[in-house]
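Given next are the chains, with one letter for each unit.
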Amino acid sequence: MTQRVRHDEREGFRGTSADVLGRDAVPGRGESLEFLGTALAAGAFVLCVVSPEVTEASVHHLAMRTTGLGH
């Protein structure tokens, strides 16, 4: 009969603690960064919906800056 050996997922693992699934490098920091990113994305979406001219102006500004880099 064949015996199956169970390995602990951390046994022989040479990566950082952030590479292990379910573990953050700094506990509790991931949630705050996720909330901050979600809040920034929601704010940008609301700004684009409420004031479309801001979006047009930012696209125009970005296009002019990238054109200047090409010359």
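Caption draft 1: Representation of the overall build of the protein chain in the model. Summing up its helical and strand segments, the protein chain has two helices and zero strands in all. In the protein chain, which comprises 71 residues, the proportion classed as buried is 3%.

Caption draft 2: The arrangement of a nonpolar patch on the surface in detail. On the surface, Phe45, Val46, Val49 and Val50 cluster together to form a nonpolar patch covering roughly 420 Å² of accessible area. By the element assignment, valine 49 lies in helix 1 (residues 29–50).

Caption draft 3: Broad picture of the side chain of serine 51. Counting through the fold element by element, serine 51 comes out in the loop between helix 1 and helix 2 (52–70). There is a polar contact of 3.1 Å between the side chain of serine 51 and the side chain of glutamate 53.

Reading guide: rules and limits
- Residues numbered from 1 in each chain as written.
- Predicted model: local features only at pLDDT ≥ 70, side-chain atom pairs only at ≥ 80, totals over all residues.
- Heavy atoms only, no water.
- Helix = DSSP H or I, 4+ residues; strand = E, 2+ residues; numbered from the N terminus.
- Buried < 20%, exposed > 50% of the residue type's maximum accessible area, 1.4 Å probe, protein only.
- Patch = residues over 30% accessible without salt bridge, like charges linked within 9 Å, V, L, I, M, F, W, Y side chains within 5 Å.
- Areas by Shrake-Rupley, 256 points an atom, 1.4 Å probe, with all protein chains shown as cover.
- Salt bridge = Lys/Arg side-chain N within 4 Å of Asp/Glu carboxyl O.
- Polar contact = N/O pair within 3.5 Å; in protein donor to acceptor, adjacent residues only side chain to side chain.

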